[in-house]
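So you can see what is in the structure, the chains are spelled out below.
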Amino acid sequence: MEEITHLKDEIIEQVNHGGPGAEIGREISEDDIDFNRAYKVYSNSELFNDNISSKKDIEKTLKNGSYVWEIPIFLDDTTILVDIDKVTSISDDIPEDVQETLKKKLGKWTVGAIYVYDEPSINYQKNVEISLSNTGLASDSYNYEFVRGLPGIRYAVAIVFDDQKARFIIPAEASAAAAFQSGSEAMEYIASPSETTSKSHKNGGFPVYNFEDVAEASKHSSSIGLGGGIGIKPYKAPNIGLIYLTISLAAIGLAGTAVLIKKHTKKSS
């Protein structure tokens, strides 16, 4: 993560003086940013197309692809997630002046999307560990990689491996979990014949899903929700308000940026 630590001042500027500034209770400072908390999240929309499940093959595919860093900033009852991404290629189909602008960013890490959540802690790692524990699985027996962009899910999930292969997929946060919430029980890992994971997350976390079932469902998914596959209906994520997202020039091919914010409303207990 040393490759992104120089962006601290830019993060502070974008959060305090961009769209997110109106959504948080106070300005952030250097003390609020801890790069040791950063999540490395791979972006891959075609992972399931190769029908691979071995740990070695999936990790190789992910590492040969692109990734972003997501930095959580915790402020009282609010969590900010800051994406740090990189321009890796430039399309020939965009205007020359835009190409010139992108060339200046090519291969460099820059501040991308900024998400604001009405939650005190959006913690991907903790969510995965709690989810495994709730299901009767020892978290220290597995490792995992975070991936986003999978068809039908889009948001970050953890692909969980044992020593040999991918065993499970776990939503890393609520937006990803929403893709599974209708008709997905057939994909859930069941700790015992008398107990399903859907009854076991009273202390947080999400259901733990079988990797191969999710992979098959994703191949037949809709743009939002794992439609098709195993009787899973498309599901629209609830409680989403305004979205302020800094869109990478490389992603949209425009000589400017748009600022959007995604805000999740806290669920009542």
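Everything here concerns the structure above.
Before going into details, it helps to say that this report is about the structure given with it. (Residues numbered from 1 in each chain as written. Predicted model: local features only at pLDDT ≥ 70, side-chain atom pairs only at ≥ 80, totals over all residues. Heavy atoms only, no water.)

1. Details of the nonpolar core
- With 24 residues, the main nonpolar core has I58, I153, I159, I169 and F180 as its most contacted residues.
- Listed by contribution, the elements that provide at least two residues to this core are α2 (55-63), β6 (157-161), β7 (166-171) and α6 (211-219).
- With residues near it in sequence (within four places) discarded, I159 still touches L47, N143, Y144, E145, V147, A166, F168, I169 and F211.
- A113, Y115, V128 and A156 belong to the second largest nonpolar core, which has 22 residues in total. (Core = buried A, V, L, I, M, F, W, Y, C linked by side-chain atoms within 4.5 Å. Buried < 20%, exposed > 50% of the residue type's maximum accessible area, 1.4 Å probe, protein only. Helix = DSSP H or I, 4+ residues; strand = E, 2+ residues; numbered from the N terminus. Contact = heavy atoms within 4.5 Å.)

2. Side note on the side chain of K55
- Counting through the fold element by element, K55 comes out in helix α2.
- Within the buried core, K55 has no salt-bridge partner, and the shortest N-O distance to an opposite charge, that of E59, equals 4.4 Å.
- Contacts of K55, omitting those with residues within four sequence positions, involve N143, F161, D162, D163, Q164, K165 and A166. (Lys, Arg positive; Asp, Glu negative; His and termini not counted. Salt bridge = Lys/Arg side-chain N within 4 Å of Asp/Glu carboxyl O.)

3. Topic: the pairing of strand β3 (residues 78-86)
- β3 sits mainly inside the fold: eight of its nine residues count as buried.
- Counted between consecutive antiparallel strands, the loop separating strand β2 (residues 66-75) from β3 contains two residues, among which D76 sits at a positive phi close to 50 degrees.
- In this sheet, strand β4 (residues 109-117) lies alongside β3 in antiparallel orientation, the contact comprising seven bridges. Bridge pairing links L81 to Y115 in β4. (Pairing = 2+ DSSP bridges.)

4. Quick look at the environment of S221
- Checked against the element boundaries, S221 lands in the loop between α6 and α7 (249-252).
- The exposure class assigned to S221 is partly exposed, which follows from its relative accessible area of 21%.
- As a C-alpha pair, S221 and P151 span 70 residues in sequence and 6.3 Å in three-dimensional space.

5. Focus: the pattern of salt bridges
- Taken as a whole, this structure holds nine salt bridges when the rule is applied.
- Of the charged contacts, one joins D83 and R148 as a salt bridge, the two residues approaching to 2.8 Å between their closest N and O atoms. With D83 in strand β3 and R148 in strand β5 (residues 143-148), this residue pair connects regions lying 65 residues apart in the sequence.
- Given a relative accessible area of 17%, R148 falls into the buried group.
- Between K165 and E212 there is a salt bridge, with the nearest N and O atoms lying 3.2 Å from each other. Here E212 lies in helix α6 and K165 lies in the loop between β6 and β7, a separation of 47 residues in the sequence.
- With relative accessibility at 30%, the residue K165 sits in the partly exposed group.
- By relative accessible area, E212 is classed as partly exposed at 48%.
- Sharing partners across several salt bridges, the network here consists of E70, D83 and R148.

6. Topic: the packing of aromatic side chains
- On inspection of all chains with the given rule, the structure shows eleven aromatic pairs.
- Pairing Y42 with Y67 gives two aromatic rings, centres 6.1 Å apart and planes at 65 degrees, and the pair type is edge-to-face. Of this pair, Y42 sits in strand β1 (residues 39-43) while Y67 sits in strand β2, placing them 25 residues apart in sequence.
- Summarising the aromatic geometry, the rings of Y144 and F146 are spaced 5.5 Å apart at their centres and angled 65 degrees between planes, so their arrangement reads as edge-to-face.
- With relative accessibility at 7%, the residue F146 sits in the buried group.
- Members of the aromatic cluster, each reached through a chain of ring pairs, are Y39, Y124, Y144 and F146. (Phe/Tyr/Trp six-rings, centres within 6.5 Å; stacked < 30°, edge-to-face > 60°.)

None of this, on its own, says anything about what the molecule does.
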